[in-house]
2 protein chains.
Amino acid sequence: MTVASPLERGRRTRDSVSILVVGSVFFDSIETLHGKADRALGGAATYFAVAASFFAPVRMVAAVGEDFPSEEMEFLSGRGIDLAGLQQRPGLTGYWAGRYHEDMNQRDTLQLDLNVFADFRPQLPAGYRDTQYVFLANIDPRLQAMVLDQLPAPGLIGCDTMNHWISGSRSELEQLLGRVHVLVINDEEARLLSGERNVVRAARRLLAMGPRRVLIKRGEYGVIQFSANSVFAVPAFPLEEVFDPTGAGDSFAGAFMGYIARKGVINESVLRTAVVYGCVLGSFVVEEFSVKRIAALTWEDIEQRYHAFIELTDSHHSRWTSQ
Amino acid sequence: MTVASPLERGRRTRDSVSILVVGSVFFDSIETLHGKADRALGGAATYFAVAASFFAPVRMVAAVGEDFPSEEMEFLSGRGIDLAGLQQRPGLTGYWAGRYHEDMNQRDTLQLDLNVFADFRPQLPAGYRDTQYVFLANIDPRLQAMVLDQLPAPGLIGCDTMNHWISGSRSELEQLLGRVHVLVINDEEARLLSGERNVVRAARRLLAMGPRRVLIKRGEYGVIQFSANSVFAVPAFPLEEVFDPTGAGDSFAGAFMGYIARKGVINESVLRTAVVYGCVLGSFVVEEFSVKRIAALTWEDIEQRYHAFIELTDSHHSRWTSQ
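Definitions and limits used
Residues numbered from 1 in each chain as written. Chains lettered and ligands numbered in written order. Predicted model: local features only at pLDDT ≥ 70, side-chain atom pairs only at ≥ 80, totals over all residues. Heavy atoms only, no water. Least-squares fit on C-alpha atoms with pLDDT ≥ 70 in both. Contact = heavy atoms within 4.5 Å. Buried < 20%, exposed > 50% of the residue type's maximum accessible area, 1.4 Å probe, protein only. Helix = DSSP H or I, 4+ residues; strand = E, 2+ residues; numbered from the N terminus. Pairing = 2+ DSSP bridges. Axes fitted to C-alpha atoms, helices over the stretch in contact; angles between N-to-C directions.

Draft legend 1. Seen up close, the relation of the copies chain B and chain A. For the pair chain B and chain A, the superposition axis carries a translation of 0.0 Å, the fit reaches an RMSD of 0.0 Å, and the rotation angle comes to 180°. Here the two chains are linked by the operation of a two-fold rotation axis. By residue overlap, the copies meet face to face through one surface: 100% of the interface positions of chain B are interface positions in chain A.

Draft legend 2. Focus on unusual backbone geometry. All names here are of chain B. Even without glycine at this site, Arg39 takes up a positive phi of about 50°. We classify Arg39 as partly exposed; its relative accessible area is 40%. With a phi close to 55°, Ser290 is a non-glycine residue in the positive phi region. Along the chain, Ser290 falls in the loop between α10 (268–285) and α11 (292–295).

Draft legend 3. Focus on the sheet that holds strand β2 (residues 26–32) of chain A. Residues and elements named next belong to chain A. Pairing within the open sheet is mixed, and its four strands lie in the order β3-β2-β7-β8. Here the strands that pair on one side only, and so sit at the sheet edges, are β3 (35–42) and β8 (107–113). Taken pair by pair, the neighbouring strands of this sheet meet at an average axis angle of 15°, ignoring direction. Both strand β7 (residues 94–100) and β8 contribute to a ladder of six bridges, which runs antiparallel. Within the sheet, the bridge partner assigned to Tyr95 lies in β8 and is Asp113.

Draft legend 4. Representation of the sheet that holds strand β3 (residues 35–42) of chain B within the structure. Residues and elements named next belong to chain B. Strand order in this open sheet of four strands is β3-β2-β7-β8, and the pairing throughout is mixed. Edge strands, defined here as strands with exactly one partner in the open sheet, are β3 and β8 (107–113). Put simply, the sheet's adjacent strands are angled 15° from each other on average, direction ignored.

Function cannot be inferred from these measures alone, as they are strictly geometric.
Structural data, given as structure tokens:
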């Protein structure tokens with residue numbers, strides 16, 4: 001049985017569900033215990049966009065170099081990702097090389113060449129100005145703010161960041177957080193930004209900085225979502241093998257924002273389901289290098305794991321009547 | 001409104017639900033960032049028994065010294081804990097002193113005096129031989145086996161252990177695991193015992209050693225329960241302050257076993273609800289030193305947090321219709 005994905009359904013019915021993402025499009029060379037990838041397609045905007053593309057059309061704002069292959073362009077646009085905002089500029093595409101430890105929560109950066117990304121200044125095509133759903137992936141908070149400055153009336157603004165900006169550009173980041181609705185951040189970053197070790201206290205502090213929702217990513221332990229009056233916690237989907245954890249958080253954010261855009265309504269129930277779809281895409285992306293696994297997914301694969309996830313976390317389990 | 005606890009209801013209807021626990025009853029001196037406790041009632045059997053006592057009558061098998069105060073005896077028996085199996089012997093009660101780091105997953109042992117526990121040999125009173133529900137808290141696997149040898153027909157056998165026995169008494173422990181139905185263990189111990197870092201692979205290996213269920217405790221990240229054909233994962237209840245993590249795992253096990261004994265039936269649904277009640281009691285015990293917090297709980301407190309826990313983890317959240 002073939003099921004129409006929400007993307008197809010969404011396209012048929014309305015266009016206002018587009019999600020704009022700004023962030024990096026890089027080549028990554030990655031080593032894990034399980035193998036090596038050489039100059040594979042990577043970057044936060046890439047992972048976000050491919051994951052989100054299952055749920056809604058995506059508009060991408062980023063910069064790549066002259067070396068960026070047309071096949072990759074075609075791959076992205078073939079997924080419903082609008083590349084009008086992707087600047088192709090003289091020079092080379094950004095490059096990151098890293099090696100993961102046996103404990104995959106730890107990695108070493110072996111090389112980082114920003115290349116054309118070094119002086120990237122986001123310029124939104126006129127056609128992007130009506131975007132309702134915006135995700136500011138991890139880049140300099142000044143650039144994240146520049147994107148917001150070009151959007152007259154965004155509906156939902158999500159944001160990620162990292163240690164580098166928390167330590168080095170705290171005031172710019174704090175200013176930005178006053179304009180953001182949903183902060184998506186990992187636990188270590190949440191501690192650094194809030195100054196609190198305890199996850200509940202950290203989230204309270206981060207909510208006080210502006211966002212109405214704070215989602216704290218805990219790697220293999222899942223995600224915990226806070227608002228002023230609710231908490232929702234999910235484990236990660238347990239996998240026998242994590243091949244390469246790169247992009248899990250960005251794919252999480254892509255599916256999270258994608259599901260919300262697709263639904264076109266924001267309430268507790270939608271936000272919780274969005275977290276689960278985020279975990280589902282995050283669990284797929286780590287099964288192979290780059291976006292290989294999620295690019296190959298069918299909507300049925302996603303629904304199947306979504307239901308497995310619900311079963312994993314369902315404390316009123318009624319399907320089982322005997323051990 | 002006063003609600004009859006399952007304990008009261010259980011007592012009225014049947015006695016076969018009694019749970020036998022064997023393990024340590026100690027005095028603990030504990031330092032955390034939040035304060036100090038001096039020679040407070042502790043030990044795995046104590047935490048287990050007090051938590052389980054909300055759900056079912058408990059039979060305790062342990063040893064204490066002449067210094068063990070009659071008030072503590074009265075406290076325990078006042079909670080429906082049968083002390084016929086608690087040997088009071090010449091010498092001193094076991095003593096442990098420890099200090100937790102700011103990261104409460106880490107602690108240093110400052111002093112450990114086994115005292116009368118050093119040559120403890122469990123002797124079950126004749127009245128304990130019909131026990132259906134048995135929990136072998138963390139002690140020498142030889143002693144755990146000795147308890148099983150004295151039980152003609154136990155229905156459900158749960159077991160905990162620790163690094164010390166995994167490294168030092170592996171063959172005795174592996175033999176024991178062939179006789180156990182439910183293994184309750186923390187993630188570090190699961191890795192050490194299985195030789196696998198990945199939690200899914202670790203659980204598969206542990207299931208192959210005998211138990212039909214493996215519950216892996218992940219501290220502040222919750223619990224994950226495996227059987228041959230199901231996985232159930234829950235986060236821990238998020239607390240703004242963890243006062244003292246001592247006893248969280250033992251209280252978890254107490255409520256888990258207690259709930260199962262109370263229901264008197266073992267199926268997936270009961271086992272999942274038991275995990276949630278385990279997390280509830282585990283979340284209370286860390287709010288104060290020793291068993292102070294859980295000893296003061298009413299059944300309504302437990303039910304309230306149980307419902308908060310369900311809300312925390314409910315991905316089909318329907319109560320909320322607006323943000």
